[in-house]
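Residue-level listing of the chains:
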Amino acid sequence: MQRRTLDILFSTGGLALAALLLIAGIVLTSNANFANTYVRDQLSQQHITFPTVDQLSDEEKAAPCLTEYAGQPLTTGKQAECYANNYIGLHLRGTADGKTYADLGAPQSELREKVAAAQASNDPNLADLQRQLDEVTRQRDTLFRGETLRGLLLTSYGFSEFGTKAEQAAVVAYAAAGLLLLLSIAGFAHAYVTPRSKGFAVPEQPKQAKEQVPAS
């Protein structure tokens, strides 16, 4: 095969692959923009603002992101992760000694049964049992609302991470497309300066042995 023909074939294939990578990069960029815009719009509608520095407790100030975002509106995935884990999560852990909404389900049911039994038997401990039930119910309601909001914020953060990964993949696709484009151009240039008669991997013809001149 002629070397010039081989250069043209490889260069054409490189251009085709570069075009595919360019299209992939455009698609990834579009998906990244959609994810970022969607997350920003959804979070902005919640009207959540980070507490200012003077409103933060010493425990809250231990989280660097809370001081970094202090006083700012919550509009990005990273901010959502910070608010969910370091602000809401911190307050939830202090609501019921670290128990979750699910953990308080059994104690609440037991107290309801005790209150019902105390009402039926006119138990003098009824008021104390009712107070315990009201406290557990309050804690469980608080945990339900907090865990729901925290879950929604973390979902937004996870969705934003898809956008970030898509942006990174798009950069790689663009870089690879650019490299292939340069290599293809170099291949066409090489094909242009290569003589048509030059072959590729053509075995060299054996040199003919010089005839020995007989000695006189």
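The present account deals with the structure reproduced in this document.

Definitions and cut-offs
- Residues numbered from 1 in each chain as written.
- Predicted model: local features only at pLDDT ≥ 70, side-chain atom pairs only at ≥ 80, totals over all residues.
- Heavy atoms only, no water.
- Helix = DSSP H or I, 4+ residues; strand = E, 2+ residues; numbered from the N terminus.
- Buried < 20%, exposed > 50% of the residue type's maximum accessible area, 1.4 Å probe, protein only.
- Contact = heavy atoms within 4.5 Å.
- Polar contact = N/O pair within 3.5 Å; in protein donor to acceptor, adjacent residues only side chain to side chain.
- Axes fitted to C-alpha atoms, helices over the stretch in contact; angles between N-to-C directions.
- Parallel < 35°, antiparallel > 145°, perpendicular 65-115°, else oblique.
- Left-handed = near helix turned anticlockwise from the far one by under 90°.
- Nonpolar A, V, L, I, M, F, W, Y, C, P; charged D, E, K, R; others polar.

## A look at the environment of Arg 140
Here is step 1 of the chain: Tracing the chain through its elements places Arg 140 in helix H6 (residues 126–193).
Here is step 2 of the chain: Owing to a relative accessible area of 16%, Arg 140 belongs among the buried residues under this scheme.
Here is step 3 of the chain: Placed 38 residues apart in sequence, Arg 140 and Ala 102 show a C-alpha to C-alpha distance of 8.4 Å.
Here is step 4 of the chain: Not counting chain neighbours up to four residues away, the residues in contact with Arg 140 comprise Tyr 101, Leu 104, Gly 105 and Gln 108.
Here is step 5 of the chain: Reaching out from Arg 140, the side chain makes a polar contact with the side chain of Gln 108 at a distance of 3.0 Å.

## Description of the packing of helix H4 (residues 77–93) against H6
Here is step 1 of the chain: Interaxial distance between H4 and H6 falls to 8 Å at its minimum, and their mutual angle equals 160°. For the element pair H4 / H6, the angle class is roughly antiparallel. Seen along the crossing, H4 lies across H6 with a hand that is left-handed. Contacts from Gly 77, Lys 78, Ala 80, Glu 81, Tyr 83, Ala 84, Asn 85, Ile 88, Gly 89 and Leu 92 in H4 reach Thr 142, Leu 143, Gly 146, Glu 147, Leu 149, Arg 150, Leu 153, Leu 154, Tyr 157, Ser 160 and Glu 161 in H6.
Here is step 2 of the chain: Considering only residue class, the contact of H4 with H6 consists of 10 nonpolar, 6 polar and 5 charged.

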